[in-house]
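Residue-level listing of the chains:
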Amino acid sequence: MTRPNGNAINASVRKNVDRYEAMLVSGRREYFDEDDLLDVADYYYNDMSRKENALQCIEYALSLHPECLMALLMKAEIYFYSEKHSSDCCKRRRKELRA
């Protein structure tokens, strides 16, 4: 498969995207390594411009790996760039992080 920018998608990333999407369709929960889920989220966000899908994948990664700093950083980066530093958004995010 080819990305919108013309580069080929790594076969292992494609496999993880397919597996993740099949899991969503089936409604069952499966275990994924945190790096695999971050690759899926990165694919959604950077290659497909699907922010909501990326955030959903990150939330799933955090449900499996709650101490995954890279997932938290990716989530923060998405919000940082997509919500343009909205003060309401920042206040909500701070509350979430404190919880």
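See above for the structure.
As a starting point, this report considers the structure included with it. (Residues numbered from 1 in each chain as written. Predicted model: local features only at pLDDT ≥ 70, side-chain atom pairs only at ≥ 80, totals over all residues. Heavy atoms only, no water.)

Thoughts on the overall build of the protein
- Each helix and strand in the protein was counted, giving 5 helices and 0 strands.
- Overall, the protein shows an N-to-C arrangement of helices and strands of α-α-α-α-α.
- Within the protein, the proportion of its 99 residues that are buried is 32%.
- Sequence separation of at least 24 residues holds for 48% of the intrachain contacts in the protein that already meet a minimum separation of 6.
- As displayed, the protein offers around 6500 Å² of accessible surface, 52% of which is attributable to carbon and sulfur atoms. (Helix = DSSP H or I, 4+ residues; strand = E, 2+ residues; numbered from the N terminus. Buried < 20%, exposed > 50% of the residue type's maximum accessible area, 1.4 Å probe, protein only. Contact = heavy atoms within 4.5 Å. Areas by Shrake-Rupley, 256 points an atom, 1.4 Å probe, with all protein chains shown as cover.)

Quick word on helix α3 (residues 51-64)
- Between its first and last C-alpha, α3 extends 20 Å over 14 residues, near the 20 Å set by a 1.5 Å rise per residue.
- Along α3, the positions that sit buried rather than exposed are A54, L55, C57, I58, Y60, A61 and L62.
- Those residues of α3 that are buried lie in contact with α1 (11-26), α2 (34-47) and α4 (69-82). (Expected span 1.5 Å × (residues − 1).)

Comments concerning the packing of aromatic side chains
- In total, this model carries 6 aromatic pairs according to the counting rule given.
- With 6.2 Å between their ring centres and 70° between their planes, Y20 and F32 make a pair best called edge-to-face. Remark: F32 occurs in the loop between α1 and α2 and Y20 occurs in helix α1; sequence separation between them is 12 residues. Grouping residues by exposure puts Y20 and F32 together as buried.
- Of the aromatic side chains, those joined through ring pairs into one cluster are Y20, F32, Y43, Y44 and Y60.
- Lying across the ring of F32, R19 places its NZ or CZ 3.9 Å from the centre. (Phe/Tyr/Trp six-rings, centres within 6.5 Å; stacked < 30°, edge-to-face > 60°. Lys NZ or Arg CZ within 6 Å of the ring centre and 35° of its normal.)

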